[in-house]
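Examination of the molecular architecture
Each chain, written out:
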Amino acid sequence: MEQAQQQTLKKNLFSAIQPSGNITLGNYVGALRNFVLLHEDYNCLFCVADLHALTLRHDPAELRRNSLSLIALYIACGLDPEKNIIYCQSHVPEHAQLSWVLNCFTYMGELSRMTQFKDKSQKHADNINAGLFTYPVLMAADILLYQTHVVPVGVDQKQHLEICRDIAGRFNGIYGDVFTIPEGYIPKSTAKIMSLADPTRKMSKSDGEDSYVAVLDAPDVIRRKFKRAVTDSEADIRFDPENKPGVSNLLSILAAVRNSTPEAEAQALQGLGYGALKEATAEAVIDTLRPIQERYAELIRDKDALNQILRTNADRAHAIALRTLRKVYKKIGLYQP
Ligand code: ATP
Ligand code: LTN
């Protein structure tokens, strides 16, 4: 079948990651890995959510570096930038434009119920800005611009997807079928990788270095981080997230990279100590990341090639986004000469 014909038969997939720090094992297991798993079956857009990254105080040079690095990482993981649209959010102005319109269809009450907003405003009490509050509206614009059917994300983004569906439904209720209502694709097991420093909290790239393993960490760094991971004072290896969050998190990570289950990994390690669990997890993670790191090292060297990919792909995304934005402007009565 012709490529164009195949494309029209496939459904649309959209996802994004913020370039707000080093991409973690949590991002990989919760999101990136599923992008790779799904990308053949959909028309995909993978976005670097650089506008979202402005909601926390940041260093401009670092944001620039992280954005290009994330583009290279998407490709290094196996996402082909010709078959998929891999681009930066800020290169396609329709994201910000649709976001403004959707702001006018979103209630303060629903935004104030978002747990990410509550968490982040607690963590960054000196910078509770309006962007942090309306973050889910920009995310809804990202998704709705591309008539997205499926959104692969980690479980922490479930609430944001719900609000996106609500906004789209509300808009369609008034103006007819303008937006496709998206479905989430959220992995059930290992949906949330926890911090190595505090296993009751999500592993997050904007937290301290020792709390996460980065996809691009060198093998020795990975070994050291797992060695220091918080466990507990017992000795038995058992999958029990409630009572043994640290050990269970290591088992989840091990299972995720080996495509097995935490229970099976616990069984296989019976009679051994936490040292063995940490070592096994570190080695399995290193083996999984090695090919990605090798490919990444090649890609990041050729900045011109990456820039070219960014330009072409922003144009491709823009062409689709503009169609939706025009339709929205027309429906809501913005005069178009
Ligand atoms: P930040 O610390 O800046 O909030 P983050 O590490 O939470 O960032 P995001 O850019 O917000 O990462 O998320 C990118 C994707 O990775 C999302 O789909 C999110 O659900 C997923 N994700 C993030 N952290 C984890 C985690 N610890 N376990 C599983 N999935 C995760
Ligand atoms: N908020 C997301 C990143 C993100 C996103 C999106 C994910 C921004 N826009 C659209 C899916 C679809 C996060 O993972 N923190």
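See above for the structure.
Position numbers for residues start from 1 in each chain and track the written sequence from start to end. Working convention: letters from A go to chains and numbers from 1 go to ligands, in the order in which they are written. Only residues with pLDDT of at least 70 get local features here, since the model is predicted, and only at 80 or more are side-chain atom pairs given and counted; chain-wide, interface and lining totals rely on the full set of residues. To get the side-chain values, take all heavy atoms of the structure and skip hydrogens and water.

**Side note on the state of the cysteines**
Any two cysteine sulfur atoms lying within 2.5 Å of each other are counted as a disulfide. This model, assessed by the stated rule, comprises 0 disulfides. Cysteine Cys88 shares no disulfide, and the gap to the nearest cysteine sulfur, in Cys47, comes to 7.3 Å. Burial classes: relative accessible area under 20% of the type maximum marks a residue as buried, over 50% as exposed, and values in between as partly exposed (1.4 Å probe, protein chains only). A residue is classified by how much of its surface remains accessible, and Cys88, at 4% relative accessible area, is buried.

**Brief notes about the environment of Arg65**
Along the chain, Arg65 turns up in helix α3 (residues 60-76). When the C-alpha positions of Arg65 and Gly21 are compared, they lie 9.6 Å apart, and in sequence the two are 44 residues distant. Helix numbers and strand numbers start at the N terminus; a helix is a DSSP run of H or I with at least 4 residues, a strand a run of E with at least 2.

**Section: the nonpolar core**
To qualify as a nonpolar core, a set must consist of buried Ala, Val, Leu, Ile, Met, Phe, Trp, Tyr and Cys residues joined through side-chain atoms within 4.5 Å. Ranked by size, the top nonpolar core spans 60 residues in total, and within it Leu32, Tyr74, Phe226 and Val285 carry the most contacts. Filtering out sequence-adjacent residues up to four positions away, Leu32 remains in contact with Ile17, Ile23, Asn27, Leu73, Tyr74 and Cys77. Ranked by size, the runner-up nonpolar core spans 41 residues in total, among them Ala140, Tyr146, Ala168 and Ala317. A contact between two residues is defined here by any heavy atoms of the two lying within 4.5 Å.

**What to know about helix α2 (residues 25-38)**
Here the expected span of a helix is defined as 1.5 Å times the quantity of residues minus one. The first and last C-alpha atoms of α2 sit 19 Å apart over 14 residues, in line with the 20 Å expected at 1.5 Å per residue. Two axes are fitted around each residue, one to the seven residues ending there and one to the seven starting there, and the angle between them is reported as the bend at that residue. At Ala31, α2 shows its strongest bend, of approximately 35°. With 11 of 14 residues buried, α2 is to be regarded as a mostly interior element. Every buried residue of α2 is accounted for by Leu25, Gly26, Asn27, Tyr28, Val29, Gly30, Ala31, Leu32, Asn34, Phe35 and Leu38. For α2, the capping residue at the N-terminal end is Thr24, with a side-chain oxygen 3.1 Å from the backbone nitrogen of Gly26. Counting of polar contacts relies on pairs of N or O atoms within 3.5 Å, with two restrictions inside protein: one atom must be capable of donating a hydrogen and the other of accepting it, and residues adjacent in sequence are counted only when both atoms are side-chain atoms.

**Regarding the site of ligand 1**
Around ligand 1 there are 20 residues in total, and Lys120, Asp156, Lys202, Ser204 and Ser206 lie nearest to it. In this structure, Gly154 approaches ligand 1 through a main-chain N or O atom, which is 2.8 Å from an oxygen atom. Ser204 places a polar side-chain atom, nitrogen or oxygen, 2.4 Å from an oxygen atom of ligand 1. Protein chains bury 98% of the 600 Å² of accessible surface belonging to ligand 1 in isolation. Here the element with the most residues in the shell around ligand 1 is α2; it accounts for 4 residues. A cutoff of 4 Å decides nearness: a residue is near a molecule or strand if any of its heavy atoms lies inside that distance of it. The method behind every accessible area is Shrake-Rupley, applied with a 1.4 Å probe, and residues are considered shielded solely by the protein chains displayed.

**Things to note about the site of ligand 2**
The local shell around ligand 2 holds 13 residues, among which His52, Tyr135, Met139, Asp142 and Gln157 are the closest. Within the side chain of Asp142, an N or O atom sits 2.7 Å from a nitrogen atom of ligand 2. Compared with its free state, where it exposes 360 Å², ligand 2 has 91% of that area covered by protein. Contributions of two or more residues to the shell around ligand 2 are made by β1 (11-17) and α7 (130-145). Element by element, the count of residues in the shell around ligand 2 is highest for α7, at 4 residues. Each residue gets one of three labels, nonpolar for Ala, Val, Leu, Ile, Met, Phe, Trp, Tyr, Cys and Pro, charged for Asp, Glu, Lys and Arg, and polar for the others, Gly among them. The residue makeup of the shell around ligand 2, split by class, is 8 nonpolar, 4 polar and 1 charged.

**Focus on the packing of aromatic side chains**
For this analysis, a ring pair means two rings from Phe, Tyr or Trp (six-membered ring only for Trp) whose centres lie within 6.5 Å, classed as stacked if their planes differ by under 30 degrees, edge-to-face if by over 60, and tilted for the remaining angles. Under the defined criterion, the tally for this structure stands at 10 aromatic pairs. Arranged with centres 5.5 Å apart and planes meeting at 10°, the rings of Phe14 and Tyr146 form a pair that is stacked. Taken together, the residues span a long stretch of sequence, with Phe14 in strand β1 and Tyr146 in the loop between α7 and β4 (150-152) at a distance of 132 residues. With respect to burial, Phe14 and Tyr146 carry one shared label: buried. For the ring pair Phe171 and Tyr175, a centre distance of 4.8 Å and an interplane angle of 45° mean the geometry is tilted. Taken together, the residues Phe171 and Tyr175, both in helix α8 (residues 158-175) and 4 residues apart, mark about one turn of the helix. Note on Tyr175: relative accessible area 24%, which makes it partly exposed. Ring pairing ties together the aromatic residues Phe105, Phe171, Tyr175 and Phe179, which thus form one cluster.

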